[in-house]
Amino acid sequence: MSAGRRVAGVGLATASGVLVAVQSRINGELGVRLADGIAAAVVSFGLGLLLLLVLVPVTAAGRRGLTTLRGALRAGALRPWQCLGGVCGAFLVAAQGLTIGALGVAVFTVAVVAGQSGSSLLVDRAGIGPTGRQPVTPNRLVGAVLTVLAVLLAVGDRLGDPGALALALLPLVGGVAIAWQQAVNGRVRAAADSAVTATLVNFTVGTVALLATFLVEVAVRGWPTGRLPSEPWLYLGGPIGIVFIALAATLVRFTGVLLLGLATIAGQIIGAVLLDVVLPTAASHPGANTLLGAALTLVAVLIAAARR
């Protein structure tokens, strides 16, 4: 693999991480407006699925990808369980709607990062992604550890709040799931030879999982008390998710799961800092530690990306 592709992959993954931070703020606000994080996740994932159902059939790559994917499943080259990455994405989007309003983007990000960094190491070591087994080199291990330390530094002033820590368990589990999602989505992309097809599979599975969860919630608690907001920007979470999933499914074969995750984390930290500084909320507490943590995260990604 050329160094140029590796660097370009890291750059695009970092940019996609910024989009994740923006998506987190959007879905978090939508959850507040609807007074229901699960309902917000259904709206976000559902809109993304509708866009893909229009986009995939009208593109040659999308149609070809669906045919190739069916063939790979019939031949056993791709296992059905490898198509379930959307469940992990659905869980993370639901966590955004349930916790961002109380935690803020920065604290949400530290919980995701803590789960994602360690999980990425294990997923790479197990060879679940399309690049096969990736060794846990000293650079990769140091990069993962530094990333966790960086985000702890960035939001350390919030971690003494027991309520915040309890809520942070949801994005923590979501972070663990992200690494597996990126790995199996990369497998689907490789089998279908189409990023947009892999993204459609992800959103279909995720939407079904969220709808089932929402129906159970309605049966137990009744319909959400909030109303759909009129601001168009609150419905951009789904389209942003399409871009993120498609990029991740494409880039993972060039970067591996860990490096993709670390670069995405760097983008999430940068995006979270910018959002908390430029568009602060009641849960946002940007400060010097946040900026230092963001800088350290970038250093961690550079270390993990460097060859021995």
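It should be emphasised that the depicted structure is a prediction, and the values quoted were computed from it without experimental measurement.

Chemist: Break down the overall build of the protein chain for me, with residues and values.
Modeler: Along its length, the protein chain carries 10 helices and zero strands. When the helices and strands of the protein chain are placed in sequence order, the string is α-α-α-α-α-α-α-α-α-α. Within the span of the protein chain, comprising 308 residues, buried residues form 54% of the whole. Accessible area for the protein chain stands at about 12900 Å²; split by element, carbon and sulfur atoms hold 71% of it.

Chemist: Describe the pattern of salt bridges, naming the residues involved and giving the relevant values.
Modeler: Under the counting rule described, the total for this entry stands at four salt bridges. Among the salt bridges present, the one from R33 reaches E29, with a minimum N-O distance of 2.9 Å. With R33 and E29 both in helix α1 (residues 3–34) and four residues apart, the pair spans about one turn of that helix. For R33, a relative accessible area of 29% translates into the label partly exposed. Using a relative accessible area of 25% as the deciding quantity, one classes E29 as partly exposed. One salt-bridge network, in which partners are shared between bridges, spans E29, R33 and E231.

Chemist: Give me the lowdown on the side chain of R189, citing residues and values where you can.
Modeler: Within the fold, R189 resides in helix α7 (residues 169–192). Setting aside residues up to four positions removed in sequence, R189 forms contacts with S194, A195, A198, A249, T250 and R253.

Chemist: Which residues make up the nonpolar core, and what values go with them?
Modeler: Nonpolar side chains in soluble globular proteins tend to end up buried together. Core analysis: the largest hydrophobic core is formed by 28 residues, its most contacted members being V257, L260, L262, I269 and V301. Elements with a minimum of two residues in this core: α1, α4 (85–126), α5 (138–154), α7, α9 (237–278) and α10 (288–305). The biggest single contributor to this core is α9, with 13 residues. What V301 contacts, discounting residues up to four positions off in sequence, is V10, L259, L262, A263 and A266.

Chemist: Requested: an account of the environment of L247, with residues and values cited.
Modeler: Inspection of the secondary structure puts L247 in helix α9. When the C-alpha atoms of L247 and V196 are compared, they prove to be 9.4 Å apart, with 51 residues separating the residues in sequence.

Chemist: Just give me the short version of the environment of G104, but keep the residues and values in it.
Modeler: Inspection of the secondary structure puts G104 in helix α4. Through-space distance from the C-alpha of G104 to that of G28 is 8.6 Å; in sequence the pair is 76 residues apart.

Chemist: Can you break down α9 residue by residue, with the values?
Modeler: Its 42 residues place the ends of α9 only 19 Å apart at the C-alpha level, less than the 62 Å of an ideal helix rising 1.5 Å per residue. Along α9, the sharpest kink reaches roughly 110°, centred on G256. Burial runs high along α9: 33 of the 42 residues are buried.

Chemist: Kindly report on unusual backbone geometry, identifying the contributing residues and their values.
Modeler: The residue A35 is not glycine, and still its phi comes out positive at about 55°. The topology assignment puts A35 in the loop between α1 and α2 (37–58).

Chemist: I'd like to hear about a nonpolar patch on the surface, residue by residue, with values.
Modeler: Side chains of V136, L141, V145, L149 and L152 sit close together on the surface and give an oily, nonpolar patch of about 400 Å² of accessible area. As for its position among the elements, L141 is in helix α5. Taking relative accessible area as the criterion, L141 reaches 42% and is therefore assigned partly exposed.

Chemist: Which residues make up helix α3 (residues 60–75), and what values do they have?
Modeler: With 16 residues, α3 extends 23 Å from end C-alpha to end C-alpha; this agrees with the ideal 22 Å at 1.5 Å per step. Where α3 is buried, its residues meet α2, α7 and α8 (195–221). Trailing α3 by a residue or two, G76 shows a phi angle of about 85°, which is positive.

Chemist: Help me get a handle on the packing of α2 against α9, residues and values and all.
Modeler: It is the contact of α2 with α9, at a shortest axis distance of 7 Å, that shows an interaxial angle of 65°. The two elements α2 and α9 cross, and the hand of that crossing is right-handed. Note on element contacts: α9 touches α2 through G237, G238, P239 and I242, opposite S44, G48, L51 and L52. Tallied by class, the residues present in the contact of α2 with α9 amount to four nonpolar, four polar and no charged.

Conventions and cut-offs
- Residues numbered from 1 in each chain as written.
- Predicted model: local features only at pLDDT ≥ 70, side-chain atom pairs only at ≥ 80, totals over all residues.
- Heavy atoms only, no water.
- Helix = DSSP H or I, 4+ residues; strand = E, 2+ residues; numbered from the N terminus.
- Buried < 20%, exposed > 50% of the residue type's maximum accessible area, 1.4 Å probe, protein only.
- Areas by Shrake-Rupley, 256 points an atom, 1.4 Å probe, with all protein chains shown as cover.
- Salt bridge = Lys/Arg side-chain N within 4 Å of Asp/Glu carboxyl O.
- Contact = heavy atoms within 4.5 Å.
- Core = buried A, V, L, I, M, F, W, Y, C linked by side-chain atoms within 4.5 Å.
- Expected span 1.5 Å × (residues − 1).
- Bend = angle between axes of the 7 residues up to and from the residue.
- Patch = residues over 30% accessible without salt bridge, like charges linked within 9 Å, V, L, I, M, F, W, Y side chains within 5 Å.
- Axes fitted to C-alpha atoms, helices over the stretch in contact; angles between N-to-C directions.
- Left-handed = near helix turned anticlockwise from the far one by under 90°.
- Nonpolar A, V, L, I, M, F, W, Y, C, P; charged D, E, K, R; others polar.

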